Amino acid sequence: MRLILVRHAKAEDREFGKEDLERALTPRGIKQAQKVGKILAKKYPKIDAIITSLAFRARDTAKYIAKYQPKATFFLSPSINPDRSAKDYESQIYNEEWETIVIVGHEPTIGELVCKLCGSCPLKISKGCIIELCNQEGEWVIIGLRNF
């Protein structure tokens, strides 16, 4: 099984009175998300599932990935929202029918999940970052990390 963790692309700054989940991608974030979608399509032409938080910035990032993955199952999951734990994220990844899963989420939870699964801490996880993990004989191993 492969698990690809993607931190959402660059989003609008927090504004007073605006809900955190409503923050959209900036023009730079849109370019990042498009690049992430193309990179993943080239390396993983058959992604089974794309799971994203309800936050606009994560959903939009995930949509650019899904654009190149027409057969992937696309899920919106509150378990991936910014206020959720690594345990919540982890609960989304176990499905025996899926070989390659993408989770589009948030920091610091992505880093916490990598630490929990692989014991690799700390990692620099910038916006639009791709972290590739592989489960080898029951052990999660980092096989790639790309920051933008």
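Residues numbered from 1 in each chain as written. Predicted model: local features only at pLDDT ≥ 70, side-chain atom pairs only at ≥ 80, totals over all residues. Heavy atoms only, no water.

Caption draft 1: Inspection of the environment of C118 at higher detail. One can find C118 in helix α4 (residues 109-118). Residue classification places C118 among the partly exposed residues on the basis of a relative accessible area of 21%. With residues near it in sequence (within four places) discarded, C118 still touches L133, W140, V141 and I142. (Helix = DSSP H or I, 4+ residues; strand = E, 2+ residues; numbered from the N terminus. Buried < 20%, exposed > 50% of the residue type's maximum accessible area, 1.4 Å probe, protein only. Contact = heavy atoms within 4.5 Å.)

Caption draft 2: Just the nonpolar core, in detail. With 20 residues, the main nonpolar core has L3, L5, I103 and I131 as its most contacted residues. For this core, the leading source of residues is α4, giving four residues. Setting aside chain neighbours within four positions, we find L3 in contact with I93, I101, I103, L117, I131, E132, L133 and W140. Counting residues in each nonpolar core, the second largest holds 15 residues, with L40, A55, A62 and V102 among its members. (Core = buried A, V, L, I, M, F, W, Y, C linked by side-chain atoms within 4.5 Å.)

Caption draft 3: Quick look at helix α1 (residues 27-43). Between the first and last C-alpha of α1 there are 25 Å, a value that for 17 residues agrees with the 24 Å anticipated at 1.5 Å per step. Of all the positions in α1, only G29, Q32, A33, V36, G37, L40 and A41 are classed as buried. The buried side chains of α1 occupy one side of the element, clustering within an arc of 165 degrees when seen end-on. Exposed side chains of α1 directed beyond 90 degrees from the buried face belong to P27, K31, K38 and K42. The inward-facing, buried residues of α1 abut β1 (2-7), α2 (56-66), β4 (100-105) and β5 (130-136). (Expected span 1.5 Å × (residues − 1). Arc of directions from axis to C-beta.)

Caption draft 4: Structural detail: the side chain of E132. You can see E132 is positioned in strand β5. For E132, a relative accessible area of 9% corresponds to the buried category. Ignoring any residue separated from it by four or fewer positions in sequence, one finds E132 in contact with L3, I4, K43, Y44, V141, I142, I143 and G144.

Caption draft 5: Molecular detail of the pairing of β4. Across the six residues that make up β4, a large majority, six, are buried. What you see with β4 is no split at all: T100, V102 and V104 on one side and I101, I103 and G105 on the other are buried throughout. For β1 and β4, the ladder comprises six bridges, and the chain directions are parallel. Its bridge partner lying in β4, R7 is registered against G105. (Pairing = 2+ DSSP bridges.)

Caption draft 6: Representation of the layout of surface pockets in the model. The space that makes up the largest pocket amounts to roughly 180 Å³. What lines the largest pocket is a set of 14 residues, among which R7, H8, R14, R23 and R57 lie closest to the centre. Looking at the lining of the largest pocket residue by residue, the class counts come to two nonpolar, two polar and ten charged. (1 Å grid on protein atoms, 1.4 Å probe; cavity = no way out; pocket = protein on both sides within 12 Å on 5 of 7 lines; lining within 4 Å. Points joined across faces, edges and corners; volume = space filled by probe spheres on them. Nonpolar A, V, L, I, M, F, W, Y, C, P; charged D, E, K, R; others polar.)

Caption draft 7: Expanded view of the pattern of salt bridges. The tally for this structure, following the rule as stated, stands at eight salt bridges. Between K63 and D60 there is a salt bridge, with the nearest N and O atoms lying 3.9 Å from each other. A residue pair is termed a helical-turn pair when its members lie 3 or 4 positions apart in one helix, as K63 and D60 do in helix α2 at three residues. Judged by its relative accessible area of 25%, D60 falls in the partly exposed class. One connected set of salt bridges, linked through shared partners, spans R14, D20, R23 and R57. (Salt bridge = Lys/Arg side-chain N within 4 Å of Asp/Glu carboxyl O.)

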